[in-house]
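Architecture and fold: a report
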Amino acid sequence: MKPLLFIITGLLLSCGNVLAQDTIIDFEFNEISSKVIEITENEIKYRKWENLDGPIYSFSKGKVLMVIYQNGQREIFRNVPNESSNGAIKEIENRILDTQTPLPVHTTPINSFENESSMEKTKRKVRYLPHRINVGLEPLHAGVDTEFRIIRNAFNLGFGYLYYFPEELNVVSSQYANIYGSLYLPINLILKNYEKQDKGLFPFVHLGYGASQMVLENDFIGATESYLTHGFVWKFGFDYLLTRSVGVTLTSYEAKSTVFGLVFSF
């Protein structure tokens with residue numbers, strides 16, 4: 001591992017001032033001045049820097065140690081050979097020892113999104129884990145939802161609570177709570193838009209069990225009476241995440257009442 005670190009650091013030192021073009025470096029430490037067009041799973045496609053309007057060339061990704069882009073970003077590839085020339089390593093070590101001010105190493109992580117295969121991208125976990133603040137009208141009510149992940153990219157377990165603000169004089173309080181399973185669709189993941197899979201539209205259906213309690217004031221006996229109802233409940237709606245963490249939400253309770261508000265995903 002140390003020889004490899006010497007090699008990479010030495011290459012960064014030697015190429016620190018080459019920021020006008022992209023530089024492709026192979027395992028024999030040859031440098032190709034270029035403009036990188038595309039990086040696929042197997043190839044790096046580029047145009048020669050001397051002829052940017054010329055043909056597109058390709059270089060096997062398995063033979064590339066690193067690409068230094070014109071903005072200074074370094075991308076080190078995972079296919080590093082197990083053995084290297086002792087003479088070349090010694091030469092790089094000498095370069096490091098002779099350099100008093102090393103350049104900072106800024107690399108793209110090995111498991112970056114760009115380096116993942118299609119299969120790896122498909123298996124990535126969607127960050128969608130919603131917590132909602134809801135408000136409804138007629139009557140005015142407000143509440144919260146919170147969910148916990150059960151099945152990746154498909155199913156959450158959630159808890160909800162709503163408080164109804166009294167509109168009639170004899171209503172002391174009214175509230176509703178439920179526990180539910182949330183089946184949802186990560187639309188961008190389904191459309192293979194993996195880079196935006198944690199944002200955008202998330203339609204859902206909630207199936208569960210709920211209970212509501214209403215406390216009424218009885219003028220005839222000068223006391224309050226509590227009424228409790230419970231049973232199977234369902235609701236549907238969608239979350240739309242504007243960023244990976246914040247968005248808007250809308251939920252319809254059995255197509256009878258609707259709440260809307262903010263959703264936060266962690």
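Summary of the structure given here. (Residues numbered from 1 in each chain as written. Predicted model: local features only at pLDDT ≥ 70, side-chain atom pairs only at ≥ 80, totals over all residues. Heavy atoms only, no water.)

Looking at the pairing of strand E15 (residues 257–265)
Bridge count for strand E8 (residues 130–136) against E15 is seven bridges, and the pairing is antiparallel. Bridge pairing in E15 links Ile133 to Leu262. Here strand E14 (residues 246–253) runs beside E15; their pairing, made up of eight bridges, is antiparallel. When the sheet's bridge partners are listed, Tyr253 is paired in E15 with Ser257. Counted between consecutive antiparallel strands, the loop separating E14 from E15 contains three residues, among which Glu254 sits at a positive phi close to 50°. (Pairing = 2+ DSSP bridges. Helix = DSSP H or I, 4+ residues; strand = E, 2+ residues; numbered from the N terminus.)

A short note on the side chain of Thr251
Position of Thr251 relative to the elements: it lies in strand E14. Since its relative accessible area comes to 1%, Thr251 is described here as buried. Those residues in contact with Thr251 that lie beyond four places of it in its chain are Phe204, Lys235, Phe236, Gly237, Ser257, Thr258 and Val259. (Buried < 20%, exposed > 50% of the residue type's maximum accessible area, 1.4 Å probe, protein only. Contact = heavy atoms within 4.5 Å.)

Side note on the layout of surface pockets
The rolling of a water-molecule-sized probe over the atoms marks out the regions of remaining empty space. The calculated volume of the largest pocket comes to roughly 530 Å³. Those elements giving two or more residues to the lining of the largest pocket turn out to be strand E10 (155–164), strand E11 (171–184), strand E12 (200–218) and strand E13 (223–241). Looking at the lining of the largest pocket element by element, the count peaks at seven residues for E13. In terms of residue class, the lining of the largest pocket is built from 13 nonpolar, eight polar and four charged. (1 Å grid on protein atoms, 1.4 Å probe; cavity = no way out; pocket = protein on both sides within 12 Å on 5 of 7 lines; lining within 4 Å. Points joined across faces, edges and corners; volume = space filled by probe spheres on them. Nonpolar A, V, L, I, M, F, W, Y, C, P; charged D, E, K, R; others polar.)

Comments concerning unusual backbone geometry
Here Glu138 and Pro139 are connected by a cis peptide whose omega angle stands at -5°. Backbone geometry at Asn153 places phi at a positive 65°, although glycine is not the residue there. When you line up the elements, Asn153 lands in the loop between strand E9 (141–151) and E10. Unlike most non-glycine residues, Glu254 shows phi in positive territory, near 50°. For Glu254, the position within the fold is in the loop between E14 and E15.

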